[in-house]
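Topology and contacts: notes
Each chain, letter by letter, is given below.
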Amino acid sequence: EGSQATEPEALIPLTKGAAHVVLVGDHCQLPPVVLSAGPGGGQPHPLATSLFERLMDAGAPSALLQVQYRMHPALSSFPS
């Protein structure tokens, strides 16, 4: 889940010489898990935004699946 990795975790392959990186996930779900408080205690921690989300916010090219492959259509159409 690319959107759940903190930014330093996602950058490791790039520092090791990867020519291309593909991030897979949903930037609107499953944010990185950061247990430390942000600066001043009341703000979100800087690592709480994943590289995936930063790239999406910056307008990086992306593709959205048109078909839900993980569950039966009757379940996926049921409102949550």
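Residues numbered from 1 in each chain as written. Predicted model: local features only at pLDDT ≥ 70, side-chain atom pairs only at ≥ 80, totals over all residues. Heavy atoms only, no water.

**What about the environment of Asp26?**
Along the polypeptide, Asp26 turns up in the loop between α1 (7-15) and α2 (51-57). Given a relative accessible area of 31%, Asp26 falls into the partly exposed group. With 53 residues separating them in the primary sequence, Asp26 and Pro79 have C-alpha atoms 18 Å apart. A polar contact of 2.9 Å, which involves the side chain of Asp26, links it to the backbone nitrogen of Cys28. (Helix = DSSP H or I, 4+ residues; strand = E, 2+ residues; numbered from the N terminus. Buried < 20%, exposed > 50% of the residue type's maximum accessible area, 1.4 Å probe, protein only. Polar contact = N/O pair within 3.5 Å; in protein donor to acceptor, adjacent residues only side chain to side chain.)

**Quick notes on the side chain of Thr6**
Among the structural elements, Thr6 can be located in the segment before α1. In this structure, Thr6 is in contact with Pro32, Val34 and Leu47, ignoring residues within four places of it in sequence. (Contact = heavy atoms within 4.5 Å.)

**Considerations on empty space enclosed by the protein**
The full count for this structure, using the stated rule, is 1 cavity of 30 Å³ or more. Taken as a whole, the largest cavity holds about 30 Å³ of empty space. Classifying every residue of the lining of the largest cavity by side-chain character gives 3 nonpolar, 4 polar and 2 charged. (1 Å grid on protein atoms, 1.4 Å probe; cavity = no way out; pocket = protein on both sides within 12 Å on 5 of 7 lines; lining within 4 Å. Points joined across faces, edges and corners; volume = space filled by probe spheres on them. Nonpolar A, V, L, I, M, F, W, Y, C, P; charged D, E, K, R; others polar.)

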